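# Secondary and tertiary structure notes
Chain by chain, the residues:
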Amino acid sequence: MAEPNILIVEDETDISDLIRFHVEREGFNAKVVHSGKIALDVIQRERPTLIVLDLMLPDLDGLELCRRLKWEPGTRSIPILIVSAKGEEADIVTGIELGADDYVTKPFSPKELMARLKNILRRQKEQLIPVGTNGKQLKIAGGSLVIDTDRHVVSIEGERIELTLTEFGILHYLAARPGFVRTRDQIIAAVHGDSAVLSSRTVDVHITSLRRKLGELGRTVETVRGVGYRLAEPTTVGEASHD
Ligand code: CA
């Protein structure tokens, strides 16, 4: 099978060289472009497997590029890993809401960057679990936490945990794509549709309560400071057994 083609969009040469070095060392193909406009052109022509995207670019900035890629059906499904300066949390939140998959902040460790990149590639191969999947069980922490999406029941080591509808919705949403950060607004939209019953502040309250109910496994619901939340543990999918 062909190696993944990674497009690195970064105007600072020392950083793009560093990323290229690590991408190639992993055995992947790497291509570097230093401008947003050129990136758009290359992406439309070559359809890379994944884009590593710096947000601060000279001509077309990273968020605008992200917006255009996610708007076009031909490029919409190409995953994006944002590379951003520290202190640009607002831009990271916007990027993720536009459809970017994950992010790292500068200065980043190459190890972390590659771990996130490979996580996206791995997830891309596996079938994503649509929220609202019926008749399935999502299993977390080696199967000790089970979310029965059909019956709306969560259990730890076989013991049923009483969650509110909102807590269940949040856990289910995060578990559908473990390792991926979700912003508060994305959680609100997924759990309550467009209703404004849930606010950013109340998401935090529900998360706190959810963690408490999950006990020891509450730690799997991680806070990503300034951005949102993610489920740290891998999830596996099984058929629900109703015996
Ligand atoms: Ca830059």
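Our structure is the block above this text.
All values derive from a computational prediction rather than experimental measurement. (Residues numbered from 1 in each chain as written. Predicted model: local features only at pLDDT ≥ 70, side-chain atom pairs only at ≥ 80, totals over all residues. Heavy atoms only, no water.)

### Considering the pairing of strand S11 (residues 221-224)
In terms of strand pairing, S11 meets strand S12 (residues 228-231) through four bridges, oriented antiparallel. Paired with valine 221 across the strands is leucine 231, a residue of S12. The antiparallel pairing of S11 with S12 creates a hairpin that spans three residues between the two strands, and glycine 226 there sits at a positive phi of about 80°. (Pairing = 2+ DSSP bridges. Helix = DSSP H or I, 4+ residues; strand = E, 2+ residues; numbered from the N terminus.)

### Looking at the side chain of arginine 182
Inspection of the secondary structure assignment puts arginine 182 in strand S10 (residues 182-183). Although arginine 182 is buried, it makes no salt bridge; aspartate 101 carries the closest opposite charge, 7.2 Å away. Discounting residues that sit within four places of it in the chain, arginine 182 has contacts with Tyr173, Leu174, Arg177, Ile187, Val227, Gly228 and Tyr229. (Buried < 20%, exposed > 50% of the residue type's maximum accessible area, 1.4 Å probe, protein only. Lys, Arg positive; Asp, Glu negative; His and termini not counted. Salt bridge = Lys/Arg side-chain N within 4 Å of Asp/Glu carboxyl O. Contact = heavy atoms within 4.5 Å.)

### Some points on the packing of aromatic side chains
Scanning the model with the defined rule gives zero aromatic pairs in all. Stacked on the ring of phenylalanine 180, the Lys or Arg arginine 177 has its end atom at 4.2 Å from the ring centre. (Phe/Tyr/Trp six-rings, centres within 6.5 Å; stacked < 30°, edge-to-face > 60°. Lys NZ or Arg CZ within 6 Å of the ring centre and 35° of its normal.)

### Here we look at the coordination of the calcium ion
Around the calcium ion, the protein contributes the donor atoms Asp11 (OD), Asp54 (OD) and Met56 (O), at 2.1 to 2.3 Å from the metal centre. Read N to C, the donor residues that coordinate the calcium ion are spaced as D-x42-D-x1-M. Of this pair, aspartate 11 sits in the loop between strand S1 (5-9) and helix H1 (13-25) while methionine 56 is found in the loop between strand S3 (50-54) and helix H3 (62-71), placing the two residues 45 residues apart along the sequence. On the accessibility criterion, aspartate 11 (29% relative accessible area) is partly exposed. Look at methionine 56 and you get exposed, because its relative accessible area is 55%. (Donors = N, O, S within 2.8 Å, 3.2 Å for Na, K, Ca; no water.)

### Re the sheet that holds strand S4 (residues 80-85)
Each strand in a sheet pairs with its neighbour through backbone hydrogen bonds, running either in the same direction (parallel) or in the opposite one (antiparallel). Spatially, S2-S1-S3-S4-S5 is the arrangement adopted by the five strands of the open sheet, whose pairing is parallel. A single partner strand is all that each edge strand has here, and the edge strands are strand S2 (29-33) and strand S5 (102-106). In this sheet, neighbouring strand axes are inclined to one another by 20° on average, regardless of whether the strands run parallel or antiparallel. Sheet topology note: the S3/S4 ladder contains four bridges and is parallel. Counterpart to valine 52 in the pairing with S4 is leucine 81. Its contacts with the sheet place H1 against S1, S2, S3 and S5, and it is angled at close to 170° to S2. Across the sheet, helix H2 (residues 36-46) touches S1, S2 and S3, and the angle it forms with S2 is around 145°. (Axes fitted to C-alpha atoms, helices over the stretch in contact; angles between N-to-C directions.)

### Focus: the nonpolar core
In this structure, Val9, Ile51, Leu53, Leu65, Ile80, Tyr103 and Val227 are the most contacted members of the largest nonpolar core, which totals 27 residues. Taken together, the elements giving at least two residues each to this core come down to S1, H2, S3, H3, S4 and helix H4 (89-98). Composition of this core by domain shows at least three residues from each of domain 1 (5-128) and domain 2 (137-237). Grouped together as the second largest cluster of nonpolar side chains are 24 residues, Ile161, Leu214, Leu217 and Val221 included. (Core = buried A, V, L, I, M, F, W, Y, C linked by side-chain atoms within 4.5 Å. Domains from an automatic or database assignment.)

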